[in-house]
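Residue-level structural notes
Each chain is listed here by its residues.
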Amino acid sequence: MTYLELPVAVLDHSLENQVAIGIVLHSDMARQQNFAGGHGPYVELVNSQDVGMSELEREKNGSLLLWLAGSSFLEKNKENQGRGRNKRQLLHWFKTSFKWVNSTSFDFCASNTHHIGMGEPSAEDLQFGASRVEIHSCELCGTVTRFPRYNSPAKLMETQCGRCGEWANCFTFYCVALGYNARLVLDFTDHVWTEFHSPYLGRWVHLDPCEASYDTPLLYEKGWGKKLNYVIAVAKDGVYDVTKRYTRKWPEVVSRRNLVSEETAEEVVALLTAIQRSKLEPEELDILEQRDRQEAEELSGAQASPETDQHLPGRQSGSKEWREARGEMGVQHIESDRSFCSARLCADEHVGKIYQAIGLLCSQERSAAEKELALLHDLLIKLKRQSFRARSAKMESTDETQLNFLQSKGSAAWLDGIGMKQASDGSGGMQVTLKEPPGKAALALATALENVEKASTAFDGHYSTKWEEPEGAKGATLVYHLHGNTSQHIVGYDLTSANDCPKRDPLDWMLEGSCDGG
């Protein structure tokens, strides 16, 4: 399909225009989706990556991709299908193979560049779908370089770089080449990702190659803090409004969907889908219509689903300055340049608060953190020794060190996490007393004391110690900052599971590094 083949009426409104453009950008990939997913066409795609690669790189990438292809077609174990292991492996491989472009680099003087405007696309650019070309200038010598925003997956397999548009376009193409029923998802607040239909789960599953994120549709609203409006999925067999999958704040989202009326939006999506399906056989239409009904039922019930307790981080892809400018660092991002040591939100509210407090503690310099940790430990021990129904601790006016600690921001976070509060005793000292019901405070106190005594063991290098994730936690993000903001080259690491409960062993994990505190 080309842009000119769309009915003129479709181009009257901005929403329809954007969806139509999305189809055009997707059309090159959609044409490639027509093969059945056999290894023959796929091997040709893999071989096309050879341009600019060393023999070792060709062998590494080709072997891994072919292994993923084989495992995806032979995958019959329902447990693996349900957990999406192959899709996670593909996400990890893609994130480590594709390069994110903040700004182009100028090889001659090895200097960074900055964006100065847009340029005219060349005939070759247009051949590979690059109707937009960014112009960047070298910060050292002023030399101008071009950054064509290619949309052709074949070209992107050669360049292996870009931003979310290039990443999602090429990743979706890989998914299709591996035999998955995949489609591109366009977020009108400026992001693009992938969905694939899981026969085992019976639904569409969210995949974001930029974040290596699997089945976390609330990542953007809850993690990044995005104010979504329209989220449109585009495939060779139709166009789909899937916004409800990515929000639990539908009334707020509806208030921002003001390009056209909801009725018009539905009519346009239906029209574009009808155009895409106009040449399909009746058997194919029956399958698609059944899938449409299942998805409509899922989306209609999405708002009744409870919001996930899993910690969802802010955006990870792109430079810190770029993410901050877009407001996508996350709703829980703190002003400090340091991230939380254990920024985790768990099923039990007190556990989440305690881990937030750990983050504040670890954001300090080491000497200050160690001093505060010792004071905190003393306070928790005092509270633990008291009767749980009348738990309290008194700090005399002469104990200046403890009083200063109780007045700090970190102390307030800890007391809130364990269900306690502080107040002046009228004589210059302070009294710590219950704020929450005694039973709840007792549970929180036990969790806090355990983590104060053991949190550092996650990185102590000893196999005999362990860091235990509390019961009910839904995932973990551990951030370790080297003292003095120094940098080190990682050559290897060991991850050792504890010896007490195999069910707590991690299913998968990812190691990431940052040079800018992001």
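Each remark here, short or long, concerns the structure printed above.
Calculation notes
- Residues numbered from 1 in each chain as written.
- Predicted model: local features only at pLDDT ≥ 70, side-chain atom pairs only at ≥ 80, totals over all residues.
- Heavy atoms only, no water.
- Helix = DSSP H or I, 4+ residues; strand = E, 2+ residues; numbered from the N terminus.
- Buried < 20%, exposed > 50% of the residue type's maximum accessible area, 1.4 Å probe, protein only.
- Contact = heavy atoms within 4.5 Å.
- Areas by Shrake-Rupley, 256 points an atom, 1.4 Å probe, with all protein chains shown as cover.
- Pairing = 2+ DSSP bridges.
- Axes fitted to C-alpha atoms, helices over the stretch in contact; angles between N-to-C directions.
- Phe/Tyr/Trp six-rings, centres within 6.5 Å; stacked < 30°, edge-to-face > 60°.
- Lys NZ or Arg CZ within 6 Å of the ring centre and 35° of its normal.
- Expected span 1.5 Å × (residues − 1).
- Arc of directions from axis to C-beta.

1. Re the overall build of the protein
- Summing up its helical and strand segments, the protein has 18 helices and 15 strands in all.
- Looking at the protein as a whole, 43% of its 518 residues are labelled buried.
- Of the contacts made within the protein by residues no fewer than 6 positions apart, 61% connect residues no fewer than 24 positions apart.
- Total accessible area computed for the protein in this model is approximately 27,000 Å², and 52% of it derives from carbon and sulfur atoms.

2. Quick word on the sheet that holds strand S14 (residues 420-424)
- With antiparallel pairing, three strands are arranged side by side in an open sheet as S13-S15-S14. At either end of the open sheet lies a strand with only one pairing partner, and these are strand S13 (392-395) and S14. Here the average twist between neighbouring strands, direction ignored, is 20°.
- As paired strands, S14 and strand S15 (residues 430-434) are joined by five bridges and run antiparallel to one another. When the bridges of S15 are listed, glutamine 422 appears paired with valine 432.

3. Some details on unusual backbone geometry
- In this structure, glutamine 160 is a non-glycine residue whose phi angle is positive, near 50°.
- As for its placement among the helices and strands, glutamine 160 is situated in the loop between helix H7 (153-159) and strand S6 (161-162).
- The phi angle at aspartate 190 is positive, at roughly 85°, despite the residue not being glycine.
- Taking relative accessible area as the criterion, aspartate 190 reaches 44% and is therefore assigned partly exposed.

4. Quick notes on the sheet that holds strand S12 (residues 238-241)
- Pairing is antiparallel in the open sheet, where six strands are placed in the order S10-S9-S8-S7-S11-S12. Looking along the sheet, the strands with just one partner apiece sit at the ends: strand S10 (213-214) and S12.
- Here two bridges tie strand S9 (residues 203-208) to S10, and the two strands are oriented antiparallel to one another. Each residue of the ladder has a partner; that of aspartate 208, found in S10, is serine 213.

5. So, the packing of aromatic side chains
- Applying the stated criterion to the full structure yields 16 aromatic pairs.
- Put simply, the rings of Trp93, Phe94, Phe98, Trp100, Trp167, Phe171, Tyr174 and Trp322 pair up and form one aromatic cluster.
- Here the basic side chain of lysine 244 rests over the ring of tryptophan 250, its NZ or CZ set 5.0 Å away from the ring centre.

6. A short note on the pairing of strand S8 (residues 191-198)
- Extensive coverage of S8 is indicated by the burial of eight of its eight residues.
- Pairing between strand S7 (residues 181-187) and S8: seven bridges, direction antiparallel. Counted as the bridge partner of aspartate 187 is histidine 191 from S8.
- As judged from the five bridges shared by S8 and S9, these two strands associate in the antiparallel manner. Note that in S9 the partner of phenylalanine 196 across the bridge is valine 205.
- The hairpin formed by S8 and S9 contains four residues between the paired strands, and glycine 202 there has a positive phi angle of roughly 70°.

7. Describing helix H12 (residues 282-300)
- Compared with an ideal rise of 1.5 Å per residue, which puts 19 residues at 27 Å, H12 spans 27 Å between its outermost C-alpha atoms and is within 8% of the ideal.
- What H12 keeps buried is the set Leu288, Arg291, Glu295 and Leu299. Down the axis of H12, the buried set is contained in an arc of 80°. They therefore lie on one face. What points out from H12, more than 90 degrees from its buried face, is the exposed set Pro282, Glu283, Arg293, Glu297 and Ser300.
- Contact partners of the buried residues in H12: S7, S8, S9 and S12.

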